[in-house]
Amino acid sequence: MFETLTLSPIPPEDEALRLPLRALIAEQTANMPLDRRARSWQGFDAAFSRKLGQAGYLGLTIPKEYGGQGRGPFARFVVVEELLAAGAPVAAHWIADRQSAPLILHFGTEAQRQFYLPRICRGEALFCIGMSEPGSGSDLASVRSRAEPKGDGWLLNGQKIWTTNAVHSDYMIALVRTSGGLADRNVGLSQLIVDLKAPGVTVRPITDLAGDAHFAEVFFDDMHLPPDALVGREGEGWRQVTAELAFERSGPERVYSSLILLDAWANHIAAAGRSDSASLRLLGSLTARLAVLREMSLAVTARLALGESPVIEASLVKDLGTGFEQDVPLLIGDDLAAHPDEPVEPELLRTLYYVTQIAPSFSLRGGTREILRGIIARGLGLR
Amino acid sequence: MRAIEAGGDPGPAWHLFEQSGFLDALVPEHAGGAGLELADAAPLLALLGGHAVPLPVGDTMIARALIVLADRVPPPGPIVLAAGAGPTPFAGVAQHALVVAGCSIAQVSVDAVVPVDAHLTGRLVAGATVATFSAGRDSLRPISAVLRALLIAGAVARVLDMTVDYANQRSQFGKPIGKLQAVQQQLAVLAEQSVAARIAAQIGCRNGLAPSSIDAAIAKHGASVAAVEATAIAHAVHGAIGISEEFDLQLLTRALHCWRLADGAESYWAAILGFGRAASECGSIDLLR
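Small disclaimer: the values here were computed from a predicted structure and weren't measured.

Trainee: Explanation requested: the overall build of chain A in the structure shown.
Mentor: Per the secondary structure count, chain A includes 13 helices and 8 strands. Here chain A has a C-alpha radius of gyration of 21 Å; the compact-globule value for 383 residues is 21 Å, and the two agree. Dimensions of chain A, computed from C-alpha atoms along their principal axes, come out at roughly 70 × 45 × 40 Å. Out of the 383 residues belonging to chain A, those deemed buried represent 55%. Relative to all contacts within chain A whose residues are 6 or more apart in sequence, the contacts with residues 24 or more apart total 77%.

Structure representation (structure tokens):
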């Protein structure tokens, strides 16, 4: 089963993007401490995202006529891999570049494409995605936020929560009910682009257990939306959301969230002169798992490049990948604690503590472990 | 399969493989083979694992290619790859073995076997050395490990198919157990391990018959981890029937454990990879790209 996932080398023309990009990243990350770089795709720096856009590293899969690079998923893989491996702050453009732009390209009107895509590709239009609500987590079809047709537009009321980057974003693509009722489940939901700077929106940041405020709750209070707020078709929101999941679930970000810690610890054991077999085994086993996950992510990238939407395969990579990401801080913590008389740089320790604390989120965001396994089980013909 | 495992004559089955021409699939064309790259032959080798073929067909395919590449003529009959002193899969039906002799590979006859699992896996008692040929240092164990990884990948894929089928057929509490979330979640993990094992084994094949120690380590580590998880989940889902002799699952899960333990399991290869990485001073991505 899943035999289409097979070793898929990065084409040389996409691999060639790597070294020029490194110089740009090195300049940005030179003075960032490890524990900030470990924030991975939650590190926010709008100026850096604009710099990436100017240099042509955003909108890689978007056609040139909309300001993109007209390249494919492999080019995007290389760029994302380099950014994450260095711990560059990518949050400002992350969701717009990964999900919103492909969604608008695929389902949007020509006017919407012209309006949003060039700005996303320049790193100037920041997006978040409004999915979860206080009563809707894994059971996403139970969303209660509602947009009623009003005049030729919409009147939006409701609340989103745990919305990543809502505080910094210009727009939210919100999944809301536009017709039918709760009993209709995933029928009658639509995706609307909400201007977060417009009247009727309140955004309140939520601080996480590590002291960061990367997510927020967002309230819509009798908010008037123009007719062209609708992306795609009314009532088709669920199908559209599902179609984009393969983009969201298979990328290097589902494998590399603990990479800064892993590489810093590898440097630490080298500096400490460790050559015992327990240390080498741990270094080797983590590296071996990473190697396989990287190739699995590339194998899904190859399916995306063929125009497929490998949602089940992507779920499989995400579940295995986030499990690895979560094991890294636990195993490295155990290793360092097994050498209580060995001095460790405070920067590495801060990185370890941060990643250890935030690691539970790795298998919550973008679909929980249990939901993903349910999707895989359905793909196996079990439901 | 059961007859051969019980000590029956492997000759007729072996004769079919000999006639098929597959034994020389990896031998260069100028020497009468099919000249396939290892990566091209990988699905064949995995298929052998998926059917738990109780003969060293994959071993012999690789051994014949290595012998021809050393400008020698391969002997007729089953050859096993036996890189160390541990138990060798298929030793019980082997006539010849490739073993490590200093910095060389030696072709030896198999005088006797001390079995450890049925009549197949056992410790070789090597007989006369027929030939030695120089090869890269430590060259036999990596390619052997990659072969075991391919066999494991094929067997795990088959175990997944069998276990999903069983979960859909076996009814408890008034419905197929495959409808129970607790079972579904385990089968999802089994599916993940099946893909991971295949990708790991493919990484081992990307440099043909001379895999780097890093690629061999990634392949055999990943496949060995998958073998452990897959056998445990498959037996848990099958319940008692899975450990009965007459049900085919045991042919695959016993083989999986044998192949996992042959040519270094996950910890051996983790140490090799860790040593290689520590020596390179590369970050993760530069090491792996």
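Structure shown, so let's carry the discussion forward.
Trainee: I'm lost on the pairing of strand β3 (residues 153-164) of chain A in this one. Help?
Mentor: Regular strands place side chains that alternate from one sheet face to the opposite one. Residue and element names in this part refer to chain A. As paired strands, strand β2 (residues 146-150) and β3 are joined by 5 bridges and run antiparallel to one another. Paired with R146 across the strands is N157, a residue of β3. Two strands pair when backbone bridges link them, and β3 and strand β7 (residues 215-225) are joined in this way by 8 bridges, in the antiparallel orientation. Considered in β7, the bridge of L155 is made with H224.

Trainee: Sorry, what's going on with helix α13 (residues 369-379) of chain A here?
Mentor: Side chains that are three or four residues apart share a direction in an α-helix, a result of its 3.6 residues per turn. Of all the residues in α13 of chain A, the buried ones are L372, R373, G374, I375, I376 and A377 of chain A. Residues of α13 of chain A that are buried sit in contact with α11 (311-337) of chain A together with α6 (181-204) of chain B. The first or second residue beyond α13 of chain A is G381 of chain A, which carries a positive phi of 85 degrees.

Trainee: Help me out: how do you make sense of the interface of chain A and chain B in this one?
Mentor: Interfaces are often sized by the amount of accessible area the parts lose when they come together. Each side of the interface is counted separately: chain A has 38 residues, and chain B has 39 residues. If you list the elements that add at least two residues to the side of chain A that touches chain B, you get α5 (73-86), α9 (259-271), α10 (277-305), α11 and α13 of chain A. Per-element accounting of the side of chain A that touches chain B gives the leading share, 15 residues, to α10 of chain A. Residue composition of the side of chain A that touches chain B, by class: 23 nonpolar, 7 polar and 8 charged.

Trainee: Would you mind showing me how to read the sheet that holds strand β1 (residues 79-82) of chain B here?
Mentor: Pairing between sheet strands relies on hydrogen bonds along the backbone, with the strands arranged either parallel or antiparallel. Residue and element names in this part refer to chain B. Taking strand neighbours across the sheet as the criterion, the 4 strands line up as β1-β2-β3-β4 in an open arrangement whose pairing is mixed. Each having just a single partner strand, β1 and β4 (121-134) make up the two edges of the open sheet. Within the sheet, the average angular offset between the axes of one strand and its neighbour, ignoring direction, is 35 degrees. Strand direction decides the pairing type here: β1 and strand β2 (residues 96-101), joined by 4 bridges, are parallel.

Analysis parameters
Residues numbered from 1 in each chain as written. Chains lettered and ligands numbered in written order. Predicted model: local features only at pLDDT ≥ 70, side-chain atom pairs only at ≥ 80, totals over all residues. Helix = DSSP H or I, 4+ residues; strand = E, 2+ residues; numbered from the N terminus. Rg over C-alpha atoms; globule rule 2.2 N^0.38 Å. Buried ≥ 20, exposed ≤ 12 C-beta atoms within 10 Å, placed from the backbone. Contact = placed C-beta atoms within 7 Å. Pairing = 2+ DSSP bridges. Nonpolar A, V, L, I, M, F, W, Y, C, P; charged D, E, K, R; others polar. Axes fitted to C-alpha atoms, helices over the stretch in contact; angles between N-to-C directions.

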